[in-house]
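# Fold and geometry: a report
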Amino acid sequence: MEKTVCLTACSGYDWETLCEAVAAQFCALGFDSLIRPGIRAVIKPNLVVKAAPEAGIATHPLLTAAVAVHLRDLGAQVLIAESPGGLYTPAALKSIYAACGYDKISEQFDIPLNYDCSHREVQAPHGRRSRLFPIITPIVEADLVVDIAKMKSHCMTMLSGAVKNLFGTVPGLMKPEFHCRFPEKPAFNEMLVDLCETVKPSICFVDGITAMEGNGPTGGKPRFMGVLAASKSPYAVDMACAAMMNMDPMQVMMLRDAASRGLCPSSLKELELLGDPLESFRARDFLQPESKTSNFIERLPKFMQPVATRLATPYPKIKTAHCIGCGKCAESCPQHTIMLEGAPRKAHIDYSKCIRCYCCHEMCPAHVIEIKRLSLFNF
């Protein structure tokens, strides 16, 4: 079980600062020893939607470039690959690379971007929830997967970090199928651990220099945290990130499940922390997602818990007047509960089928889908 995490203070995305931080973490964590001449290293950033680097939504392109250049200097063949939300086509990839600033780093540093939109079925024989995953081809063919996540709150999983970032290895609109298969949060989070164990990243970074708080992963607010976190273990680095975001790591379902499988410690005290002290980055006023579950339900009689859970679970609400009718929410909805109606077209949700996965909130480019809770449960 890998328990070592390195935290490095970074005042911003200055190129020299990033290169120094990346080099220090490679050295401290022994990443250098994983690289041999000619190895195919595929970098998986978080480019979930079109977003400018300063928005705190996507992995900053200069950080990805710093890691790529360091890998190449060690002799690796480097490729950046991502499957964002929505369509997985060369045109869609070109658009998102440009919006997130990756076309510029590709040109400036001669780093290739993936446009191969094929995928392969990969067995997960020890999966608890899923024994088979469709995985984008560059990840399957990689000798080494480098996971460069963004530190964000998340309305469904509470935390988006190194583990959740790997959901982007599932091709485009196949992602909603997993939401449909696993609509309940515990099962969905267990599936994420199955996927993480299938992809098995060897090197993990989390971009917490500018993070996102509140209703992440796309509708929250940028929050300067000033930290770059790294580990060989996606679970260990996410535990440290959870603590810095003022979350109890064992209240994050995917980490609790990973701990139950012996994949990570069950206590933050068991981590081996290198670099700068974690407490210097802990944000005790970090805004949590509004969908965070209230634990009072567990104290109710069992026969009342299903109804109370349904009532207490926040729901997505479209600000219809501001809807631009693009259809991204309907495209991403696993249950096909969203329809575009009227003239001009506006999105409408059929709540009788809504599973509260918040994919629509995540994928809305205009950020007009709110997370709402019944007033009775607003604590």
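What counts as what
- Residues numbered from 1 in each chain as written.
- Predicted model: local features only at pLDDT ≥ 70, side-chain atom pairs only at ≥ 80, totals over all residues.
- Heavy atoms only, no water.
- 1 Å grid on protein atoms, 1.4 Å probe; cavity = no way out; pocket = protein on both sides within 12 Å on 5 of 7 lines; lining within 4 Å.
- Points joined across faces, edges and corners; volume = space filled by probe spheres on them.
- Nonpolar A, V, L, I, M, F, W, Y, C, P; charged D, E, K, R; others polar.
- Phe/Tyr/Trp six-rings, centres within 6.5 Å; stacked < 30°, edge-to-face > 60°.
- Helix = DSSP H or I, 4+ residues; strand = E, 2+ residues; numbered from the N terminus.
- Buried < 20%, exposed > 50% of the residue type's maximum accessible area, 1.4 Å probe, protein only.
- Contact = heavy atoms within 4.5 Å.
- pLDDT = per-residue confidence, 0-100.
- Salt bridge = Lys/Arg side-chain N within 4 Å of Asp/Glu carboxyl O.
- Core = buried A, V, L, I, M, F, W, Y, C linked by side-chain atoms within 4.5 Å.
- Polar contact = N/O pair within 3.5 Å; in protein donor to acceptor, adjacent residues only side chain to side chain.
- Axes fitted to C-alpha atoms, helices over the stretch in contact; angles between N-to-C directions.
- Parallel < 35°, antiparallel > 145°, perpendicular 65-115°, else oblique.
- Left-handed = near helix turned anticlockwise from the far one by under 90°.

All told, the structure shown has three cavities of 30 Å³ or more when counted by the stated rule. What lines the largest cavity is a set of 26 residues, among which V48, K164, F167, K175 and E362 lie closest to the centre. Of the residues in the lining of the largest cavity, the class split is nine nonpolar, eleven polar and six charged. Approximately 100 Å³ is the volume found for the second largest cavity. Lining of the second largest cavity is provided by 14 residues; of these, C333, T337, C354, C357 and C360 occupy positions nearest its centre. Looking at side-chain class alone, the lining of the second largest cavity contains eleven nonpolar, two polar and one charged residues.

Inspection of the entire model under this criterion finds nine aromatic pairs. Residues W15 and F109 carry aromatic rings whose centres are separated by 4.6 Å and whose planes lie at 25 degrees to one another, so their mutual orientation is stacked. With W15 in helix α1 (residues 15-29) and F109 in helix α4 (residues 102-109), the pair connects residues that are 94 residues apart, well separated along the chain. The class for W15 is partly exposed, based on a relative accessible area of 27%. Put simply, the rings of F133, F167, F178 and F188 pair up and form one aromatic cluster.

As a further point, take the environment of G208. Relative to the assigned elements, G208 resides in strand β8 (residues 203-213). Exposure remark for G208: the relative accessible area of 0% places this residue in the buried category. Each C-alpha atom of the pair G208 and F281 lies 9.7 Å from the other, and the pair is 73 residues apart in sequence. When residues no more than four places from it in sequence are discounted, the contact partners of G208 are M151, M225, G226 and V227.

All right, on to the layout of surface pockets then. Its boundaries defined by the atoms lining it, the second largest pocket holds a volume of some 330 Å³. Every residue lining the second largest pocket is counted, 18 residues in all, and those nearest its centre are V49, K50, G85, I96 and K328. At the level of secondary structure, the elements contributing two or more residues to the lining of the second largest pocket comprise α3 (90-99) and α13 (359-363). Ranked by residue count, the leading element in the lining of the second largest pocket is α3, at three residues. Grouping the constituent residues of the lining of the second largest pocket by class yields eleven nonpolar, four polar and three charged.

This part covers the confidence of the model for the protein. A residue-level look at the protein finds 92% of positions with pLDDT of 70 or above and a mean pLDDT of 92. Here residues 294-300 is modelled with pLDDT under 50, and outside its nearest four sequence neighbours on either side it reaches eleven contacts, counting other chains as well.

Here the focus is the pattern of salt bridges. For the structure on display, the rule yields 14 salt bridges. A salt bridge links E82 to K44, with the nearest nitrogen and oxygen atoms 2.8 Å apart. Of the two residues, E82 sits in the loop between β3 (77-80) and α3 while K44 sits in strand β2 (residues 40-45), which places them 38 residues apart along the sequence. Residue E82 shares its accessibility class with K44, and that shared class is buried. Of the charged contacts in the structure, one is a salt bridge between R223 and E213, with a shortest N-O distance of 3.1 Å.

Moving on: the nonpolar core. Grouped together as the largest cluster of nonpolar side chains are 109 residues, with contacts concentrated most on I43, V67, L71, M151, F205 and M244. Tallying contributions element by element places helix α9 (residues 234-244) first for this core, with nine residues. Ignoring anything within four residues of it in the chain, the contact list for F205 reads V22, Q25, F26, F31, V67, D147, I148, A149, L228, A229 and A230.

Moving on, we come to helix α10 (residues 253-260). If you check which residues of α10 are buried, you get M254, L255, D257, A258 and A259. Contacts made by the buried residues of α10 are with β7 (158-160), α6 (162-165), α8 (185-199) and α9. With its phi angle positive at about 80 degrees, G262 sits one or two positions after the end of α10.

Note on placement: Y235 falls in helix α9. For the pair Y235 and E290, spaced 55 residues apart in sequence, the C-alpha separation works out to 24 Å. Ignoring any residue separated from it by four or fewer positions in sequence, one finds Y235 in contact with V163, V193, C196, E197, L255, A258, L263 and C264. Polar contacts involving the side chain of Y235 include one to the side chain of E197, which spans 2.6 Å.

Here we come to α9. Within α9, eleven of the eleven residues are buried, which leaves the element mostly enclosed by the surrounding structure. Within the sequence span of α9, burial applies to P234, Y235, A236, V237, D238, M239, A240, C241, A242, A243 and M244. The N-cap residue of α9 is S233: its side-chain oxygen and the backbone nitrogen of Y235 are 3.2 Å apart.

Turning next to the packing of α1 against helix α2 (residues 61-73). The geometry of α1 relative to α2 is characterised by a closest axis approach of 9 Å and an angle of 50 degrees between their N-to-C directions. For the element pair α1 / α2, the angle class is oblique. Crossing geometry of α1 relative to α2 is assigned as right-handed. For the pair formed by α1 and α2, the contact residues are W15, L18, C19, V22, A23 and F26 on the first element and L62, L63, A65, A66, V67, V69, H70 and L71 on the second. Partitioning the contact of α1 with α2 into residue classes produces 13 nonpolar, one polar and no charged.

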